[in-house]
Amino acid sequence: MPENFRRRGEGGAVAFSRWWTWMLGLPSVVLAAIVWIGTELPSSAGSSVPMGYNLYCLRHIDECPSRGPHIVRLTPALRALIVRVQYQVNSEIIPRREDVDVWQADVRYGDCDDFVMTKRRRLIKAGIPPTAMGISVFKVHGVNHVTLLVHTTGGIFELDNLRRDVLVRRRF
């Protein structure tokens, strides 16, 4: 480690942290923002928010507010919108496993997180508050998988690129 990263009276861990931050090219403000966003973003109960989601939100901060309604009123129009977005996005994106997992929206090829972010963006543009949506992370055949959750008064709608139809979980 270069000596100029160590300050007088500073322990090795602090110097290493400074060096590692410099090596990554990320100022400490960005690293702090990632940690902060990770504590503010909605996800399914008991799970942590994936780093890819946090990084996406850093690039698209307007799509990731921490305040707002956490549930929307289910109407026939909302149900139709959710179903339409599920079908459209699942038919538009060609599934492809990524070598480097970068969460993106509006792509031609992508994995499950790209489907989620594209569906999420379209629903936001249609008027659904981002705070009423979350993600669910679980394993399918030993591989991490992500789905989009829309919290409504009629239940939680799960949009999954591995399913044709939208799954509705009833509220208890």
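One can find the structure itself at the top, above this paragraph.
These notes cover the structure that comes with them. In this text, all values refer to a predicted model and were calculated from it rather than measured experimentally.

**Topic: the packing of aromatic side chains**
Thinking step 1. Following the criterion strictly, the structure yields one aromatic pair and no others.
Thinking step 2. Here the basic side chain of Arg96 rests over the ring of Tyr109, its NZ or CZ set 3.9 Å away from the ring centre.

**Looking at the pairing of strand E4 (residues 143–152)**
Thinking step 1. Taking burial as the measure, the 10 residues of E4 include eight buried ones, the bulk of the element.
Thinking step 2. Two strands pair when backbone bridges link them, and strand E3 (residues 133–140) and E4 are joined in this way by eight bridges, in the antiparallel orientation. Opposite Lys139, over in E4, you have Asn144 as the bridge partner.
Thinking step 3. Pairing geometry for E4 and strand E5 (residues 155–159), over five bridges, is antiparallel. Residue pairing in the sheet places Leu149 in a bridge with Glu158 of E5.
Thinking step 4. Here E4 folds back onto E5, and the loop between the two strands holds two residues.

What counts and what doesn't
Residues numbered from 1 in each chain as written. Predicted model: local features only at pLDDT ≥ 70, side-chain atom pairs only at ≥ 80, totals over all residues. Heavy atoms only, no water. Phe/Tyr/Trp six-rings, centres within 6.5 Å; stacked < 30°, edge-to-face > 60°. Lys NZ or Arg CZ within 6 Å of the ring centre and 35° of its normal. Buried < 20%, exposed > 50% of the residue type's maximum accessible area, 1.4 Å probe, protein only. Helix = DSSP H or I, 4+ residues; strand = E, 2+ residues; numbered from the N terminus. Pairing = 2+ DSSP bridges.

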